[in-house]
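# Structural overview
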Amino acid sequence: MNDNEFAYDRVPYPSYTFPQTRPDSLAVLAAINGMNPARPDKCRVLELGCGDGANLLSFAYILPDSEFVGVDLSAVHIADGKASAEQLGLSNVLLIHEDVMNFSRERFGEFDYIIAHGLYSWVPEFVRVKVLQIYAECLAPQGVGYISYNTYPGCRLREMAWGMLRFHTRAIEDPMQKVEAGTAFVKSLSEVVDPNSLYQAVLKTELAHFGERTPENIFHDDFADLNQPFYFHQFVKQIEPHGLQFLSEVGAFWTENSRLPADVEKKLDEFGDNLIRREQYEDFLTNRRFRSSLICRGNVRLNRKPEPSILREFYIASQVHPQSAAPRIADSTMETFVAAEGGTIQSDHPLTKAALVNLEQIWTRCIPFKELMDNAARLTGETVSSAEIGKASANLLGFVRSGHVYLHRYQPKFATIPGEFPKSSEFARWQIQRKSEIVTSLSGMGFKPDSDFMRLVMSLLDGTRDRAALIAEIKSRTEVQSAGKTKYEAELPRMVDTELREMAKLGLLML
């Protein structure tokens, strides 16, 4: 590769959206910790190292009254992003081919949310300092910053693999050949080393991570000359001189996978209440290899122990469903609720049980806390007291912490029932056109379509076809062997209705 050629122009980074960076997610974590962040549907967002802008484009499409600015050093990425924005008709996003070293508040103003995903560990030290200066200068007083980075101790093992990959492929110029040769080398090593050794276990772990990512991703992340992990406490010391403080880890509320086993939580309790110390020991206990940390201005007063009443400030959602086919919600019978990803929660509190049942009935919608309590009271058939609402609030806040109940700071709008001329999100159709593995819903969450048929149906929902026209178009685009054609065409109406209901449930259909 030419030394003067920017690696991301030669090999564009894969086009991704990152739901954990969406303004709503950042606003929830800020508000739950005592901040007063800007409304997600009326805010300014900056992304440093935005790539082709796909992440910002997903926000701009869903949040038309907010403004989005993306900066990237790759001319190829920015050109692609601008073309996509024009194709989608988005006027609230600005993508700039710019070196972050030239970025200033004077030119671009203040932002409610600033994102740097996959940048901080992969730039020189002087650029990291500039990135933190941008946060310090451009964050609004109640603004929230997102920074992801590689971390120790988990990356100690990754560094071993990185060194072997680079050495083995040092004479190979072509990036994709380099990735292929490097991963094949690690695989061959794993097959010949002592099968009972820790070394083989480490190699197999790295191979498993390779299998979850694209070759382009591996090239930029694992073969990069610049790739600096940090201990969490080092990151905190880097941000403090810039007048910034650690707010929260994204996974603390956003992802189901963040929940720790009880024995790990118990061990963490031994290290006291100091948040930074506790977070660092959590990394030691879990061998964490990557962090997505939120920061804010150092003069912001945080409240890390919110009262249950804080739920009144949020919209609530959940997809847990009762294990029993006929749950008893009006009395103190203990009922078990099952999460879509596995795992269970339990409650014997009538109003809490009724709230969970109601949320499952309306999933993927979110509703204001008061509306949820009113609905739950009707399901129990009782007039509930403020004390009962307080108990339900405490229970639901606990389920938020465990990842079973989700909070929002605004109410995404989408059709919950397919209309006569159903129309899917234009952004989702754009993603399917680009053969994206993950599709983004109108609530900002990503999901993987479970079949090519679902992708086909979604791609045809431009609002011009009723059921008959949609079925006719699917027939014209589908090749079926003659022996099964009659049965397939007879089943098509049912198949289409099933997919439309599922898309509505996922928040993919426009109002």
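Throughout, residues of each chain are indexed from 1 in the direction in which the sequence is written. Two thresholds apply to this predicted model, a pLDDT of at least 70 for residue-level local features and 80 or more for giving and counting side-chain atom pairs, whereas whole-chain, interface and lining totals are computed over all residues. Side-chain measures here rest on the full set of heavy atoms in the structure, leaving out hydrogens and waters.

A few words now on empty space enclosed by the protein. A pocket, in this scheme, is an open set of points on a 1 Å grid over the protein atoms alone with protein on both sides within 12 Å along at least 5 of 7 lines, while a cavity is a set where a 1.4 Å probe fits but cannot get out; residues line either one if an atom lies within 4 Å of a point. Grid points are joined across faces, edges and corners, and a volume is the space filled by probe spheres set on the points. This structure, assessed with the given rule, holds one cavity of 30 Å³ or more. Counted as a void, the largest cavity has a volume near 100 Å³. Taken together, 15 residues make up the lining of the largest cavity; nearest its centre are Arg22, Pro23, Phe59, Ile62 and Gly444. Breaking the lining of the largest cavity down by element, the ones donating at least two residues are helix H2 (23–32) and helix H3 (54–62). Numbering goes from the N terminus for both helices and strands, where a helix is a DSSP run of H or I of at least four residues and a strand is a run of E of at least two. With four residues, H3 is the largest single contributor of residues to the lining of the largest cavity. Here the residues of the lining of the largest cavity are counted per class, giving seven nonpolar, six polar and two charged. The nonpolar class holds Ala, Val, Leu, Ile, Met, Phe, Trp, Tyr, Cys and Pro. Asp, Glu, Lys and Arg form the charged class, and all remaining residues, Gly among them, are polar.

A few words on the confidence of the model for the chain. Summing up the model confidence of the chain, the mean pLDDT is 92 and the portion of residues at 70 or higher is 95%. pLDDT measures how confident the predictor is about each residue, on a scale from 0 to 100. Working rule for contacts: check all heavy atoms of both residues, and any pair within 4.5 Å makes them a contact. Scored below 50 in pLDDT, residues 254–258 makes twelve contacts in the model with residues more than four places away or belonging to other chains.

Here Lys353 is to be found in helix H14 (residues 350–362). Look at Lys353: it is buried, it has no salt bridge, and the nearest opposite charge is Asp331 at 4.0 Å. Those residues in contact with Lys353 that lie beyond four places of it in its chain are Arg328, Ile329, Asp331, Ser332, Thr333, Glu335, Phe337, Ser347 and Asp348. Think of it in three bands: residues with accessible area under 20% of the maximum for their type are buried, residues over 50% are exposed, and the middle band is partly exposed, with areas taken using a 1.4 Å probe on protein chains only. Counted as positive: Lys and Arg. Counted as negative: Asp and Glu, with His and the chain ends omitted from the count. Throughout this description, the term salt bridge denotes a Lys or Arg side-chain nitrogen within 4 Å of a carboxyl oxygen of Asp or Glu.

It is worth spelling out the sheet that holds strand S13 (residues 406–408) at this point. Being paired, for any two strands, means DSSP has found at least two bridges between them. A sheet is described by the order of its strands in space; here three strands give the open sequence S12-S8-S13, paired in antiparallel fashion. Of all the strands in the sheet, the pair left with one neighbour each is strand S12 (367–368) and S13. The pairing of strand S8 (residues 315–317) with S12 spans two bridges and is classified as antiparallel. Bridge assignment links Ile316 to a residue of S12, and that residue is Ile367.

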